[in-house]
Amino acid sequence: MASFSSSSAIIISAIRGAILLVALIVFLGNIMMWIIMPTDTYYNKWLLHIITATNSTFFEIQGPIMLNFTFPILFIAVLGCVYLHLGKMKAARVTAPSKIDRNPRFLKKPMIVKGLGIVTVTELTLLVLFIALCVWYFADYMRHWLKQVPFLSSTKHDEVWQSKLDRVALVAGVTGNLCLTFLFYPVTRGSSILPMIGLTSEKSIKYHIWLGNISMALFTVHGFLYLVYWTITSRLSQTLKWYDHYVSNIAGEISLLCGLAMWVTTYPKIRRNMFELFLYTHYLYVFFIVFFIWHVGIGFACIMLPGFYLFVIDRYLRFLQSRQRVRLVSARVLPCDTIELNFSKTRGLDYNPTSTIFVNIPAISKLQWHPFTITSNNNTEPEILSVIIKCEGIWTKNLHQLVISPSVDHLQVSVEGPYGPTSTNFLRHDMVVMISGGSGITPFISIIKEIIFVSSTLKSKTPKIALISVFKNSSHLSILDLILPNSTSNNNNNHPDNFDLQIEAYVTRERGQPKEKISSTRTVFFKPNASDLPISPTLGPNSWLWLGAIISSSFVIFLLLLGIFTQYVIYPIDKKGKVGYSYTKKASMNMFLVCFSIAIAASGAFLWNKKKNLADEDSKQIQDNTEEYSTAKISDDVELESLPIRSVNKSVNVQYGQRPNLKRILSGIEERSVGVLVSGPKTMRRDVAAICSAELADNLHYESISFTW
């Protein structure tokens, strides 16, 4: 049986390797199209041959553009779904954690770059290459379109420098479209492309920020220069033009205003201090994209279509999941203004450590969704999903008031997710050092629980664990009790002999252990509601295959509907008249067909899996889950004065009135491979990154797992 599993894993690995190779070749081909696109070779040779070879009354000029730019990326996304499904199969067959790091260490070595924060060599290299692509794109388009200046100057009766200004403004907008093409990939939470290269959506947020800043800078230059051009040439009336068979200026201006509103509210101080303003303003992305497509026309918009297409699929699936209320079993209120929410979940819902889930509570806000790291373990707690929430902002403080209110016995909750890594690599290290500040400890709880599970079920050696946590006061030490599952239980499996855990807790604002007793914990149980269901996988256990089916089938439906519409509505009008079919109507119809096709395919897959989940649901699960989980929780009358230390008294050391000397601690570790995970304030992450980037720190492997907007 072991040899069968081993041979199966080898075959799966070979197939996955082949899929990665094919995806890489297709992606490089797509990048080559971007590089060649501004050149005379493309316009004078390639484009003519492509149009001739793909000329069709079903798609017209839109067909070649989708073939060159849309289809390759969607094909890679489908390949990614198969790749990730095979990875899930392999994980189910392989029991021992891999000790092999397939990526050279220098590629992931952290660097601190002003304006960018903490980046790796790989990230910095790719950013430089992307900027080089943008520069090439801008420069070669300028060379190409500056040839038109004499003709434009004579026909429009402009000065030569004015015509050049017109061309510069145009090229700035075209280059902005290049950045816009990649803008939506990082924020596609259920992406099948990001995990292929070892990324998650939360880790890719910074790429979205970089791309958004570059895009909006270029679009702002584009709009500003055109305003200057129209002003100096006495054509300011152009700002009010909506050409039905050319570029719509009003649509572009509205799109730019929406983009500027989103861009301004991303300023760090505004985002942190007025998060609701930032959040609600970002919903303008819908209007930004719609008016952008009306501005440039659907043909040119198809260049950026694949990223947005995948985002719309993901967004619609999230919408379907969020319509269902989930079952909140209990809430555990800790004395440090922290709440642990415990949801019921189906056994078919799998997730890895450091995964996140987005929570919405309509009683507080119907529009706000907040991400929280999952602290429960998928293996040891198969029917419970837990998150820890630190009550610091307005939303979390309102939640705290609801939970402790005696009049509240049920809360309506919706969730999106979980989202997280498809695999973890911390088990390959000889030692794992986790450094946290405040509520940053939450991702490490799930990691420690996973290592406990592996060490108690597998015979392979697990890494040593050192947890360095920094808290403001003693009450926050109660969070440490959530690390070891069922700490009041006598089950030795929860504390395996080969499990090496050392906790160093630092309380910075107190000089010693407080004399007064810390208030007791409180566990609040909520009444079950028949309409509330356990959290289940949106697309079932084979979610990646279903996602691949949705991507491919929705695009086929879109092509069929578009072909019929073009053949029998657009083509007859284009053939008869010189004016042709309205650009605005064509773009509107394309947007409608995209949304309709995605809704049909995604709704069918979602409803099929929902029906199957309901069929597998046990009618007594509500009562069983509540009873089982209540016995595993600490009763309300237990004092937390020394409970965290008593639960892990063999591994915890509390130090008061000081901060950890991270440089001394990390430099003193002698193990060959040390995973250094940090979750906390920006200054803490930067300090740890600086230590791990030193020349003598070859054994330190840095990773930041903080979720930041």
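Treat the numbers as computed from the prediction; the structure is a model and nothing was measured. (Residues numbered from 1 in each chain as written. Predicted model: local features only at pLDDT ≥ 70, side-chain atom pairs only at ≥ 80, totals over all residues. Heavy atoms only, no water.)

Caption draft 1: Region of interest: unusual backbone geometry. Residues Gly-417 and Pro-418 are joined by a peptide bond in cis, for which omega reads 10°. With respect to the helices and strands, the residue Pro-418 is situated in strand S8 (residues 414-419). The phi torsion at Thr-354 lies on the positive side, around 75°, for a residue other than glycine. Looking at where Thr-354 falls in the secondary structure, it is placed in the loop between strand S4 (338-344) and strand S5 (356-360). (Helix = DSSP H or I, 4+ residues; strand = E, 2+ residues; numbered from the N terminus.)

Caption draft 2: Region of the structure containing the confidence of the model for the chain. Residue-level pLDDT values for the chain average 84, and 88% of them are 70 or greater. Across residues 625-650, confidence stays below pLDDT 50; counting only partners more than four residues off in sequence or on other chains, it has 54 contacts. (pLDDT = per-residue confidence, 0-100. Contact = heavy atoms within 4.5 Å.)

Caption draft 3: The arrangement of helix H13 (residues 305-322) in detail. Taking 1.5 Å per residue, 18 residues should reach 26 Å; H13 reaches 25 Å between its end C-alpha atoms and fits that length. Counting buried positions along H13 gives 15 out of 18 residues, so the element sits mostly inside the fold. (Expected span 1.5 Å × (residues − 1). Buried < 20%, exposed > 50% of the residue type's maximum accessible area, 1.4 Å probe, protein only.)

Caption draft 4: Quick look at the packing of aromatic side chains. Applying the stated rule across the entire model yields 30 aromatic pairs. Between the aromatic rings of Phe-130 and Phe-182, the centroid separation amounts to 5.6 Å while the plane-to-plane angle is 85°, which identifies the pairing as edge-to-face. You can see Phe-130 sitting in helix H4 (residues 121-146) and its partner Phe-182 sitting in helix H6 (residues 160-183), a full 52 residues away along the chain. Accessibility classification places Phe-130 together with Phe-182 in one group, the buried group. Taking the centre distance of 6.2 Å and the plane angle of 70° together, the rings of Tyr-243 and Tyr-246 count as edge-to-face. Assessed through its relative accessible area of 57%, Tyr-246 is described here as exposed. (Phe/Tyr/Trp six-rings, centres within 6.5 Å; stacked < 30°, edge-to-face > 60°.)

Caption draft 5: Region of interest: a nonpolar patch on the surface. On the surface, a nonpolar cluster with roughly 330 Å² of combined accessible area is contributed by Val-22, Leu-67, Phe-71 and Phe-75. Counting residues per element, the nonpolar patch draws most heavily on helix H3 (residues 62-93), which supplies three residues. With respect to the helices, strands and loops of the structure, Leu-67 is situated in helix H3. What makes Leu-67 partly exposed here is its relative accessible area of 44%. (Patch = residues over 30% accessible without salt bridge, like charges linked within 9 Å, V, L, I, M, F, W, Y side chains within 5 Å. Areas by Shrake-Rupley, 256 points an atom, 1.4 Å probe, with all protein chains shown as cover. Salt bridge = Lys/Arg side-chain N within 4 Å of Asp/Glu carboxyl O.)

Caption draft 6: Representation of the packing of H13 against helix H16 (residues 543-576) in the model. Contact geometry of H13 with H16 gives a least axis separation of 11 Å together with a crossing angle of 120°. Of the possible angle classes, the one that applies to H13 and H16 is oblique. When the axes of H13 and H16 are compared, the crossing they make is right-handed. Seen from H13, the contacting residues are Tyr-309, Leu-310, Ile-313 and Leu-317; seen from H16, they are Leu-547, Ile-550, Ile-551, Ser-554 and Phe-555. Looking at the contact of H13 with H16 residue by residue, the classes come out as eight nonpolar, one polar and no charged. (Axes fitted to C-alpha atoms, helices over the stretch in contact; angles between N-to-C directions. Parallel < 35°, antiparallel > 145°, perpendicular 65-115°, else oblique. Left-handed = near helix turned anticlockwise from the far one by under 90°. Nonpolar A, V, L, I, M, F, W, Y, C, P; charged D, E, K, R; others polar.)

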